[in-house]
Amino acid sequence: MENFTAYNPTKLHFGKGVTDQLGETVLEYGKRVLLMYGKGSVQKNGIYTKIIQQLNSINAEITEFSGIKSNPLVDDVLEAAQLGKLNHIDVIVAVGGGSVIDSAKITALSIANGTDPWAIMKYKSKPTTTKPLIAVLTLAATGTEMNGAAVLQNHKTKEKIGYVSPLMYPNHSFLDPEFTYSVPKNYTAYGIADLIAHSLEAYFGDGDASLSDRFVEAIIKEAMEYGPLVLNDPENYEYRSKIMWAATAALNGLTSYGRKYGDWGVHDIGHNLSFLFDTPHGATLTIAYPAWLRLQKNRIPERITKLGNQLFGTNSADETITLLEKFFKSILCPVRLSDINIHNDKKDEIIDQMIKNQIDGMVHKFTDDDRKKIVELMF
Ligand code: NZQ
Ligand code: ZN
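As the structure is a prediction and not an experimental result, all values here were calculated from the model. Positions within a chain are numbered from 1, following the residues in the order the chain's sequence is written. Labels are handed out in written order, letters beginning with A for the chains and numbers beginning with 1 for the ligands. Residue-level local features of this predicted model are given only where pLDDT is at least 70; pairs of side-chain atoms are given and counted only at 80 or more, and the full residue set underlies all totals for whole chains, interfaces and linings. With hydrogens and water set aside, each side-chain value is computed from the structure's full complement of heavy atoms.

Residues are classed as near a molecule or strand on a simple rule: at least one heavy atom within 4 Å of it. Neighbouring residues of ligand 1: 34 residues in total, closest Ser41, Ser70, Gly98, Ser99 and His198. The definition of a polar contact used here is a pair of N or O atoms within 3.5 Å, where within protein one atom must be able to donate a hydrogen and the other to accept one, and adjacent residues in sequence count solely through side-chain atom pairs. Aspartate 102 has a polar side-chain atom sitting 2.8 Å from a nitrogen atom of ligand 1. The contact in question runs from a nitrogen atom of ligand 1 to an N or O atom on the backbone of phenylalanine 179, over 2.9 Å. Only the protein chains shown count as covering a residue, and every accessible area follows the Shrake-Rupley method with a 1.4 Å probe. For ligand 1, the protein covers 90% of the area, taking 970 Å² as the surface of the free molecule. Going along the chain from the N terminus, every DSSP run of H or I of four or more residues is numbered as a helix, and every run of E of two or more is numbered as a strand. Only helix H5 (98–113), strand E6 (149–154), helix H7 (185–203) and helix H10 (265–277) provide two or more residues apiece to the shell around ligand 1. In terms of residue class, the shell around ligand 1 is built from 12 nonpolar, 18 polar and 4 charged. Two domains share the shell around ligand 1, each providing at least three of its residues, namely domain 1 (11–180) and domain 2 (185–378). Lys, Arg, Asp and Glu make up the charged group, whereas Ala, Val, Leu, Ile, Met, Phe, Trp, Tyr, Cys and Pro make up the nonpolar group; the residues left over, Gly among them, are polar. Segmentation into domains, and thus their bounds, comes from an automatic or database assignment.

Moving on, we come to the confidence of the model for the chain. The predictor attaches a confidence to each residue, and that confidence, scored 0 to 100, is pLDDT. Confidence in the prediction for the chain averages 98 pLDDT; 100% of positions are at 70 or higher. Of all secondary-structure elements in the chain, the lowest mean pLDDT belongs to strand E7 (residues 159–164), at 96, while strand E5 (residues 133–137) reaches the highest, 99.

Our focus in this paragraph is the side chain of serine 99. Looking at the element boundaries, serine 99 is found in helix H5. At 3.3 Å, the side chain of serine 99 and the backbone nitrogen of asparagine 71 are in polar contact. Residue contacts are counted whenever heavy atoms from the two residues lie within 4.5 Å of one another. Here serine 99 is in contact with Ile68, Lys69, Ser70, Asn71 and Pro72, once residues within four sequence places are set aside.

Okay, the domain arrangement of the chain next. As a measure of interface size, the accessible area lost when the parts come together is often cited. Split by domain assignment, the chain resolves into domain 1 (11–180) and domain 2 (185–378). With centres defined by C-alpha atoms, the gap from domain 1 to domain 2 works out at 26 Å. Counting residues at the interface gives 29 residues for domain 1 and 25 residues for domain 2. For domain 1, the biggest contributors to the area lost against domain 2 are Ala141, Lys158 and Lys160; these three give 22% of the whole. Any carboxyl oxygen of Asp or Glu within 4 Å of a side-chain nitrogen of Lys or Arg constitutes a salt bridge here. Linking domain 1 with domain 2 are 1 salt bridge. By definition, the buried area sums, over both parts, the 1.4 Å-probe accessible area that each loses when the two are put together.

Another aspect to go through is the nonpolar core. Each nonpolar core is a collection of buried residues, namely Ala, Val, Leu, Ile, Met, Phe, Trp, Tyr and Cys, held together in the definition by side-chain atoms within 4.5 Å. Under the scheme applied here, a residue whose accessible area is under 20% of the maximum for its type counts as buried, over 50% as exposed, and between as partly exposed, the area being computed with a 1.4 Å probe on protein chains only. In this structure, Phe204, Trp292 and Met378 are the most contacted members of the largest nonpolar core, which totals 78 residues. Sort the elements by how many residues they give to this core and H7 lands first, with 10 residues. Taken domain by domain, the makeup of this core includes at least three residues from each of domain 1 (11–180) and domain 2 (185–378). When residues no more than four places from it in sequence are discounted, the contact partners of tryptophan 292 are Phe204, Asp263, Val266, Ile269, Ile300, His364, Phe366 and Ile374.

With that settled, the discussion passes to the pairing of strand E4 (residues 91–96). Of all 6 residues making up E4, 6 are buried, and the element is well covered by its neighbours. By the alternation rule, side chains of E4 split into Val91, Val93 and Val95 and Ile92, Ala94 and Gly96, which are all buried. Relative to E4, strand E2 (residues 32–37) is paired through 5 bridges, and the arrangement is parallel. Note that in E4 the partner of methionine 36 across the bridge is alanine 94. Two strands pair under a simple rule: DSSP has to find at least two bridges between them.

What follows covers the environment of proline 132. You can see proline 132 is positioned in the loop between helix H6 (117–121) and E5. For the pair proline 132 and asparagine 171, spaced 39 residues apart in sequence, the C-alpha separation works out to 6.3 Å. The contact partners of proline 132, leaving out residues within four places of it in the chain, are Tyr29, Asp90, Val91, Ile92 and Asn171.

Looking now at the packing of H7 against H10. Throughout, an axis means a line fitted to C-alpha atoms (over the contacting stretch in the case of helices), and angles, computed between N-to-C directions, take values from 0 to 180 degrees. With their axes 9 Å apart at the nearest point, H7 and H10 run at an angle of 140° to one another. On the basis of the axis angle, H7 is oblique to H10. In this structure, H7 contributes Asp194, Ala197, His198 and Glu201 to the contact, and H10 contributes Gly265, Val266 and His267. Considering only residue class, the contact of H7 with H10 consists of 2 nonpolar, 3 polar and 2 charged. Angular relationships are summarised with four words: roughly parallel below 35 degrees, roughly antiparallel beyond 145, roughly perpendicular across 65 to 115, and oblique for the angles in between.

Here it is as structure tokens:
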């Protein structure tokens, strides 16, 4: 087992009605609130009204920044930071999925340090402080509600990249499974895929951490059991809660203790696809994981088989990959680029971008030939 430091300062409030405490929690940090959300789902499903009632109950001065898109843009973060700065905000309340919360994390750093968001993302400026951040999660997927990571894309530099900092853990996160009832079927499935992928990135990381392996196996089993059930019964509180907690647990540190780091090569491939085609994050992973596993099956057959044995009771690496792919298909996720209407004419563009951005894993390193092979395996 590798040495590790367990650190997670986020106060997570989980369950029915937890946002009834939002107002008084915000007040701990001040009354000038930057309220950030996405493209309008929160208005349609009534969450916005609940949040505004909470903020009004403490007479908050609200500055709103909305319209954050899925696969969020650094340009929006820059604008949000300028607005927040202008209004001398005390605290950010981010209501949404990973895209909104990630944008809020970088906005908070940018305001507090007076630095450019992209310079932060590229580790060119070193933030020393941040603004308080309160997250209200509306989509179970990324784990951003309880971690120090954020992912943004930049059209000018043609990149979608992640940034990690201990300053970015939300101070509080509110997780009411009822808030996820309205998540459409496709995004519910992408969230299930994402949480499985996070568990796998840890599993294929570096270091012998048997307890963390067991956490990974348990989280994936939970997702495979309750994922299909929630898709058939989207307003079932128990199913939504199981998936919501599984998604948080998949990327809040639990699956990584005792390892040096996870691999994250599949996420790098996925971010590249999202950048090129604006593909939803989870959908890129269900295409990239089977291809990545096929590339690795003769390099790490024992590790893949161990996973397959725990998840499916098989002793074959090939069958493990087939069965994982079958699961992704069963929840209606794409497993080939052609499933999302990306055909052979795009192959060279994807390979070029993979090579240009040196898409890579942290443990299982790619050669340019591997990058080419992986793209071929995704078709
Ligand atoms: O924009 P609105 O109208 O809110 O609609 C969103 C969006 O269209 C909608 N939605 C969210 N909650 C809803 C809802 N619709 C109905 N009812 C609700 N309750 O769902 C769509 C997708 O939202 P988004 O936030 O983009 O999804 P997700 O949570 O999957 O976040 C994806 C982003 O997070 C990054 C991804 O790369 C991607 O950019 N990730 C962040 C990570 C992290 N910070 O730790 C790790 C992940 O691996 C991932 O990379
Ligand atoms: Zn992910």
